[in-house]
Amino acid sequence: MEASTTAPEVRSDFAEGLRAIAPLVIAALPIGLVFGALAAQKGLSPFETMLMSSVVFAGGSQFVAIDFWADPVPWVAITISALLVTIRHVLMPASLGTKTRQMRFGKQLIAYGFLADEVWALSEHRARKGRVSFPFMMGLALPFYLNWLVMTGVGASLGTLLADLDPAKWGFDFAFPAIFIGLIMGFWQGKKTAAILGASGLAAVACKWFVPGAWYIAAGAVAGVAVAAITASDEAEVV
Amino acid sequence: METFFQTDSLTLLAILGMGVATYLTRISGLVLLRFVELRGRTRAALEAVPVAVLMSVIAPTILATGPAESAAAIVTLIAALRLPLLGVVVVGVVSAALFRMLFGAV
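Along each chain, numbering runs from 1 in the same order as the chain's sequence is written. All chains are assigned letters beginning at A, and all ligands numbers beginning at 1, according to the order in which they are written. For this predicted model, a pLDDT threshold of at least 70 governs which residues receive local features, and a threshold of 80 or more governs which side-chain atom pairs are given and counted, while totals over whole chains, interfaces and linings are taken from all residues.

1. Considerations on the overall build of chain A
Point 1. Helical segments are the DSSP runs of H or I of at least four residues, strand segments are the runs of E of at least two, and each set is numbered from the N terminus. Of regular secondary structure, chain A possesses 13 helices and 0 strands.
Point 2. What you see in chain A, going N to C, is helices and strands ordered as α-α-α-α-α-α-α-α-α-α-α-α-α.
Point 3. For 239 residues, the compact-globule formula gives about 18 Å, and the C-alpha radius of gyration of chain A, at 19 Å, lands near that figure.
Point 4. Taking the principal axes of the C-alpha coordinates as reference, chain A spans close to 55 × 50 × 35 Å.
Point 5. When each of the 239 residues of chain A is scored for burial, the buried share is 51%.
Point 6. In chain A, 77% of the contacts between residues at least 6 apart in sequence involve partners at least 24 apart. Two things to know: the radius of gyration comes from C-alpha atoms, and the globule rule equals 2.2 Å times the number of residues to the power 0.38. The burial criterion counts other C-beta atoms lying within 10 Å of a residue's C-beta, which is placed from the backbone; the residue is buried at 20 or more, exposed at 12 or fewer, and partly exposed between these limits. Residues are treated as contacting if the C-beta atoms built from their backbones sit within 7 Å of each other.

Structure representation (structure tokens):
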């Protein structure tokens, strides 16, 4: 059941999505280049790199997969690691889904397929003030998707040329955590948020230390959510 | 041009596997949601998800990589209190480069 929307509403929701994602599209430019260059170093052709970006569209699991990449391609291990890295996506739509109940299920199946971290965080952010509609989510997703596809392809084509530049030396690799820090602060609610950050941070670092692979993301997420649930008792009724 | 389009079946299989895994996790929460009632602690837990997940992904980088990354993260956090996202990213990248030079990490 979807509330009937007029054409101007659709256009303005889409435009608001475009406006919200614009700074992140620019911020993601160097990340796409870096990923493409790393993929080229591991022997992926530009076509394969762009195919992966368009089919998977998940920066985190693509970086992890390229880390594991070898000849012959360990496709089972890569699939499992992609599953582990994106396990966090199980929680994301579960949380956002409570705010998009007015959207038809078929449309949700399309929109949620593009649910990169940034698209999801900006949708959650908007849900605090207004309605998260299908046009809004696609306004967020489409530029970000096309940007990722094109920039990883450019990075793969330039390949070794870019590798000589050494992204770490210039700090470009830090664009990824910087985006996440900016997104986190958009959710800041004082002590409550600080407690979640502390629990998630410690659990993730401890897990990464002792357990190989990408389990640390799940461990940190569970720890932060648990702290929120435990400390909720006195304020849960107010919300 | 043939190197541009070069590929093999194992690579395609890996890409397909990653794509299926990612899509399934992205829509699974929608289905899961139909069986969960949202009140009190459940609701507080779900509302904590964004912050908990984002922090978990970057925690090893900003807390356990080295002094340069941790210092850059603190500067970026302060920038995030005042600047729009793009400014935050610029501050993050520049401070990471400077602190790495300072601490001799690269």
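2. Let's talk about the overall build of chain B
Point 1. Secondary structure summary: chain B contains 4 helices and 0 strands in total.
Point 2. N-terminal to C-terminal, the α/β element order of chain B is α-α-α-α.
Point 3. Rg of the C-alpha trace for chain B: 20 Å, well past the compact-globule value of 13 Å for 106 residues, more than 25% over.
Point 4. With respect to the principal axes defined by its C-alpha atoms, chain B has extents near 60 × 50 × 25 Å.
Point 5. Intrachain contacts of chain B at a sequence separation of at least 6 include 36% that bridge at least 24 residues.

3. Quick notes on the interface of chain B and chain A
Point 1. Across the boundary between the two partners, chain B contributes 67 residues, which contact 79 residues of chain A.
Point 2. At 23 residues, helix α2 (residues 40–64) of chain B tops the list of elements feeding residues into the side of chain B that touches chain A.
Point 3. Ten residues, namely Ala, Val, Leu, Ile, Met, Phe, Trp, Tyr, Cys and Pro, are considered nonpolar, four, namely Asp, Glu, Lys and Arg, are considered charged, and the remaining ones, Gly among them, are considered polar. For the side of chain B that touches chain A, the class distribution of residues is 48 nonpolar, 15 polar and 4 charged.

4. Some remarks on the domain arrangement of chain A
Point 1. For every domain, the bounds stem from an assignment made automatically or drawn from a database. The domain boundaries assigned to chain A delineate domain 1 (7–187) and domain 2 (189–239).
Point 2. In this structure, domain 1 of chain A and domain 2 of chain A have C-alpha centres spaced 23 Å apart.

5. So, unusual backbone geometry
Point 1. For F57 of chain A, which is not a glycine, the phi torsion comes out positive at approximately 50°.
Point 2. Assignment of secondary structure puts F57 of chain A in the loop between α2 (46–56) and α3 (59–68).

6. Quick word on α2 of chain A
Point 1. Taken across its 11 residues, α2 of chain A has 8 buried, putting it largely inside the fold.
Point 2. F57 of chain A occupies a position one or two residues after α2 of chain A and carries a positive phi of about 50°.

7. Observations concerning the environment of M103 of chain A
Point 1. Relative to the assigned elements, M103 of chain A resides in the loop between α5 (88–96) and α6 (105–111).
Point 2. Between the C-alpha atom of M103 of chain A and that of V132 of chain A, which follows or precedes it by 29 residues, the distance is 8.7 Å.

8. Re the packing of helix α11 (residues 175–185) of chain A against helix α4 (residues 85–103) of chain B
A pair of packed helices is characterised by two quantities: the angle between their axes and the separation of those axes.
Point 1. To obtain an axis, a line is fitted to C-alpha atoms, over the contacting stretch when the element is a helix, and the angle between two such axes runs from 0 to 180 degrees between their N-to-C directions. Closest axis-to-axis distance for the α11 of chain A/α4 of chain B pair is 8 Å, and the angle between their directions is 140°. The angle between α11 of chain A and α4 of chain B places the two elements in the oblique class. For the pair α11 of chain A and α4 of chain B, the crossing hand works out as right-handed. Contacts between α11 of chain A and α4 of chain B involve A175, P177, A178, I179, I181 and G182 of chain A on the former and, on the latter, L85, V88, V89, G92 and V93 of chain B.
Point 2. Of the residues contributing to the contact of α11 of chain A with α4 of chain B, the split by class is 9 nonpolar, 2 polar and no charged. Small angles under 35 degrees read as roughly parallel and large ones over 145 as roughly antiparallel, with 65 to 115 read as roughly perpendicular and the rest as oblique. For any pair of crossing helices, the crossing counts as left-handed if the nearer helix is rotated counterclockwise from the farther one by less than a right angle, and right-handed if it is rotated clockwise.

9. Notes on the nonpolar core
Taken as a class, soluble globular proteins show a tendency for nonpolar side chains to be buried jointly.
Point 1. Any set of buried Ala, Val, Leu, Ile, Met, Phe, Trp, Tyr and Cys residues joined through C-beta atoms within 7 Å is what this text calls a nonpolar core. In this structure, F144 and A175 of chain A together with L54 of chain B are the most contacted members of the largest nonpolar core, which totals 111 residues.
Point 2. Here the element with the most residues in this core is α2 of chain B; it accounts for 14 residues.
Point 3. Residue contributions to this core reach at least three from each of two domains, namely domain 1 (7–187) and domain 2 (189–239) of chain A.
Point 4. F144 of chain A has contacts with I21, L24, V25, A28, A116, E118 and V119 of chain A, leaving out every residue within four places of it along the chain.

10. Looking at the packing of helix α1 (residues 7–41) of chain A against α4 of chain B
Point 1. Packing of α1 of chain A against α4 of chain B leaves a shortest axis separation of 8 Å and a crossing angle of 20°. When the interaxial angle is binned, α1 of chain A and α4 of chain B end up roughly parallel. Of the residues in α4 of chain B, those in contact with P23, L24, I26 and A27 of chain A of α1 of chain A are L85, L86 and V89 of chain B.
Point 2. Of the residues in the contact of α1 of chain A with α4 of chain B, the class split is 7 nonpolar, no polar and no charged.

11. What to know about α11 of chain A
Point 1. Extensive coverage of α11 of chain A is indicated by the burial of 11 of its 11 residues.
Point 2. Every buried residue belonging to α11 of chain A is among A175, F176, P177, A178, I179, F180, I181, G182, L183, I184 and M185 of chain A, and all of these are buried.
Point 3. At its buried positions, α11 of chain A is contacted by α1 and α7 (117–127) of chain A together with α2, α3 (67–82) and α4 of chain B.

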